[in-house]
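# Architecture at a glance
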Amino acid sequence: MITRRGLLKIFGGLITAGFASSAYAVVFEPLLRLRVTTHRIVPSGWPEGLKLRLVALADIHACEPWMSARRIKAICDHANTLDGDLIVLLGDYASGMNLVTDYVHSQDWARAMSGLSAPLGVHAILGNHDYWEDRTFQRNPSVETFGETALKAVGIPVHVNKAVRLRKDGIGFWLAGLGDQLALLPGARFGRRTFAGVDDLPATLAQVSDDAPVILLAHEPDIFPRIPDRVAVTLSGHTHGGQVRLFGYSPVVPSRFGNRFAYGHVVENGRHLCVSGGLGCSIAPVRFGSPPEIMFVELG
Ligand SMILES: [Fe+2]
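For every chain, the first residue of the written sequence is number 1, and numbering continues from 1 along that sequence. Selection of residues for local features in this predicted model requires a pLDDT of at least 70, selection of side-chain atom pairs for listing and counting requires 80 or more, and totals for whole chains, interfaces and linings are taken over all residues. The side-chain values count all of the structure's non-hydrogen atoms but skip hydrogen atoms and water molecules.

The donor definition counts N, O and S atoms within 2.8 Å of each metal and applies 3.2 Å to Na, K and Ca; water is not among these atoms, so some sites may look incomplete. Looking at the metal site, the iron ion is ligated by Asp92 (OD), Asn128 (OD1), His219 (NE2) and His238 (ND1), spaced 2.1 to 2.2 Å from it. Considering all four donor atoms around the iron ion, angles at the metal cover 90 to 165° and the coordination shape is irregular. The sequence pattern describing where the donors of the iron ion fall on their chain is D-x35-N-x90-H-x18-H. Of this pair, Asn128 sits in helix α4 (residues 128-132) while His219 sits in the loop between β9 (214-217) and β10 (231-236), placing them 91 residues apart in sequence. The classification of residues rests on relative accessible area computed with a 1.4 Å probe and restricted to protein chains. Under 20% of the type maximum is buried, over 50% is exposed, and intermediate values are partly exposed. Relative accessible area serves as the criterion here: at 1%, Asn128 is assigned to the buried category. Its relative accessible area of 2% is what places His219 among the buried residues. A four-donor site is classed as tetrahedral when every donor-metal-donor angle falls between 85 and 135 degrees; four donors are called square planar, and six octahedral, when trans pairs exceed 155 degrees and all remaining angles lie between 65 and 115, with any other arrangement labelled irregular. Working definition: helices are DSSP H or I runs of at least four residues, strands are E runs of at least two. Numbering for both runs from the N terminus.

In structure tokens, the structure reads:
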């Protein structure tokens, strides 16, 4: 029989465990952890002798106190130590939360990232929040977003539906950046009924003018079923691994495919997708079972 004292002990234990796991999910995991997750892939048809190491940073979501300019700089300093051939930035630099003590100006987060360095350069795409937080863009999609302006100002090229040809050890490959698939918010004041993207996959891949392999950067992984075999690997972010992930399952994933593309290395019909768990938080400052990560992809 459980005594009153025993019952109180159980309740006390549950409350302590609740506080401890809450503190872990709100403070320790999102703020203090950082892991490097490595995927080693040899896509079919990959050129003999081309060894590429990509360092990918996704979903920074700059805001105080969760992702300060100082913390962004520390993450970038760590990314530089990984010795990648190129560094790719997979979008969502802007905050996606209201639970903040302050926002970090785009010039400040861009300056914090300006020290990123790799032999084949630093290359960026934009994410949905980089468009959603820019009301000027939402009213007039022909203007450049403030995030793109800030990145270019520190010398980081932003690839929106653009492919560039690079070379490593004399062997060429393409790096293609897709425009964001959710860029345009719905709303009467914007004159739109539904979300719309600025992505143009055919126009992006039309710039690939030879048979060198293609690496595609696409913020949201939902495009993956439409990616042709011609693309060796697609790198995405956006999902944050659901921010809460238990035993390989995320209860909430911002993808119409649910857990199919929620996190990690996905292979479907011989095609490869790597989804980073990202670094920051959106909606709520919580992470559990999905610590902030730098994704490291070794190809070849
Ligand atoms: Fe996103």
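That shown, we press on.
In this structure, His272 sits in strand β12 (residues 271-275). Judged by its relative accessible area of 12%, His272 is buried. Every residue pair with non-hydrogen atoms within 4.5 Å of one another is taken to be in contact. If near-sequence neighbours (up to four positions away) are discounted, His272 is found in contact with Ile41, Pro43, Phe224, Ala232, Val233, Thr234, His265, Val266 and Val267.

To continue, consider the packing of helix α3 (residues 106-113) against helix α6 (residues 146-153). Look at α3 against α6: their axes get within 9 Å of each other, and the N-to-C directions meet at 40°. With respect to the hand of their crossing, α3 and α6 are arranged in right-handed fashion. Note on element contacts: α6 touches α3 through Phe146, Gly147, Ala150 and Leu151, opposite Ser106, Gln107, Trp109 and Ala110. Gly is placed with the polar residues, together with every amino acid not listed as nonpolar (Ala, Val, Leu, Ile, Met, Phe, Trp, Tyr, Cys and Pro) or charged (Asp, Glu, Lys and Arg). Grouping the amino acids of the contact of α3 with α6 by side-chain chemistry returns five nonpolar, three polar and no charged. Think of each axis as a best-fit line through the C-alpha atoms, taken over the contacting stretch in the case of a helix, with angles from 0 to 180 degrees between the N-to-C directions. It is the rotation of the near helix from the far one that decides the hand of a crossing: anticlockwise by less than a right angle makes it left-handed, clockwise makes it right-handed.

On to the sheet that holds strand β13 (residues 293-299). We treat two strands as partners when DSSP finds at least two bridges between them. Strands sit in the order β1-β13-β2-β4-β6 across an open sheet of five strands; the sheet is mixed. Strand pairing shows two members of the sheet lacking a second neighbour, β1 (35-41) and β6 (122-124), which therefore form its edges. Looking at each pair of strands side by side, their axes are set apart by 25° on average, direction ignored. As judged from the seven bridges shared by β1 and β13, these two strands associate in the parallel manner.

For α6, the full list of buried residues reads Gly147, Glu148, Ala150 and Leu151. Viewed along the axis of α6, the buried residues span an arc of 165°, placing them on a single side of the element. Considering only its buried residues, α6 is in contact with β4 (86-89), α3 and β6. Gly155 sits one or two residues past α6 and shows a positive phi near 85°. Here the arc refers to the directions that run from the helix axis out to each C-beta atom.

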